[in-house]
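Spelled out from the first residue to the last, the chains are:
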Amino acid sequence: MNNKKLRKMILIAILGSISTVLMQFNFPLPALPGFLKIDFSEIPAVLAIMTMGPVAGISVELLKNVLYWFLSGSPTGVPVGEIANFTTGILFILPIYVIFNKFRTSKGLASGLIAGTVTMAIGMSLLNYAVFLPMYTYFLNAPAVSGDALYAMIVAGILPFNIIKGAILMVITLLLFKSMNKWISQQRMQLMT
């Protein structure tokens, strides 16, 4: 195994571990459904895509959710929440990578974060409607939601939650980028070339 691959694996493991710890510190937002919780665990995955590319970012998201599942356990053994979180992370980080890879500036990162937030908000609204809420009902015996209640949960709960989450992550990521820009550029040159 060459030195670059080993460094990437170590950095992915470190970022995945940090992401798992950050996921532990989650909190709900007032006036939104209590099962939706904000955490900052997407930030290490964003650092991974900026320094090593999309496979590294996806690996950080996967490692985070697998570790979180083992640490927290699921009463049914089915990691529905972790699968939803993994999907959320992928929808958030991939547009960031595509745009930031073309424009490696604060404006490029901000544009990517906005695109990631929109993709995450719309994508998770649709996926919750079609996949995740039915999974919660089937696997975790959560009460079934349908009709106006389902519409309200998605439009007044899940959609604004993901927009707020994306906005918070955008502010924090831009502040980090300002202070870590030199490190990010150095890592990118060493690990992606």
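Here, the structure is the one placed above.
Just so you know, the residues in each chain are numbered from 1, in the order the chain's sequence is written. The predicted nature of this model means local features are confined to residues of pLDDT at least 70 and side-chain atom pairs, given and counted, to a pLDDT of 80 or more, with totals for whole chains, interfaces and linings taken over all residues. As a convention, hydrogens and water are excluded, and side-chain values are obtained from all of the structure's heavy atoms.

Asker: Can you help me understand the nonpolar core in this one?
Answerer: Nonpolar side chains tend toward joint burial in soluble globular proteins. Core analysis: the biggest nonpolar cluster contains 31 residues, and Leu 15, Met 50, Met 52, Phe 92, Ile 96 and Leu 109 have the highest contact counts within it. By the criteria applied, helices consist of DSSP H or I runs no shorter than four residues and strands consist of E runs no shorter than two, each listed in order from the N terminus. Of all the elements in the fold, those that place two or more residues in this core are helix 1 (3-24), helix 2 (42-52), helix 3 (54-72), helix 4 (80-102), helix 5 (106-140) and helix 6 (147-192). Here this core takes eight residues from helix 2, the largest share from any one element. Aside from chain neighbours lying at most four places away, what touches Leu 109 is Met 50, Ile 96, Phe 100, Phe 103, Thr 173, Leu 174 and Phe 177. Here, the term nonpolar core denotes a set of buried Ala, Val, Leu, Ile, Met, Phe, Trp, Tyr and Cys residues that are joined through side-chain atoms within 4.5 Å. In this scheme, a residue with accessible area under 20% of its type's maximum is buried, one over 50% is exposed, and one in between is partly exposed, where area comes from a 1.4 Å probe on protein chains only. With 10 residues, the next largest nonpolar core counts Leu 29, Ile 38, Leu 150 and Phe 161 among its residues. Should any heavy atoms of two residues lie within 4.5 Å, those residues are counted as being in contact.

Asker: Teacher, can you tell me more about the packing of aromatic side chains here?
Answerer: Aromatic ring pairs are reported here in terms of the distance separating the ring centres and the angle at which the planes meet. For Phe, Tyr and Trp, where Trp contributes only its six-membered ring, two rings pair if their centres lie within 6.5 Å, and the inter-plane angle classes them as stacked under 30 degrees, edge-to-face over 60, or tilted in between. Taken as a whole and assessed by the stated rule, the structure comprises four aromatic pairs. Seen in terms of ring centroids, Phe 27 and Phe 40 are 6.2 Å apart; in terms of plane orientation they differ by 55°. Their pairing is tilted. Placement of the pair is Phe 27 in strand 1 (residues 27-28) and Phe 40 in the loop between strand 2 (37-38) and helix 2, with a sequence separation of 13 residues. Residue Phe 27 is classed as partly exposed on the basis of its relative accessible area, which comes to 33%. Judged by relative accessible area, which is 23%, Phe 40 ranks as partly exposed. Ring geometry for Tyr 138 versus Phe 139: centroids 4.9 Å apart, planes at 85°, classification edge-to-face. Its relative accessible area of 32% is what places Phe 139 among the partly exposed residues.

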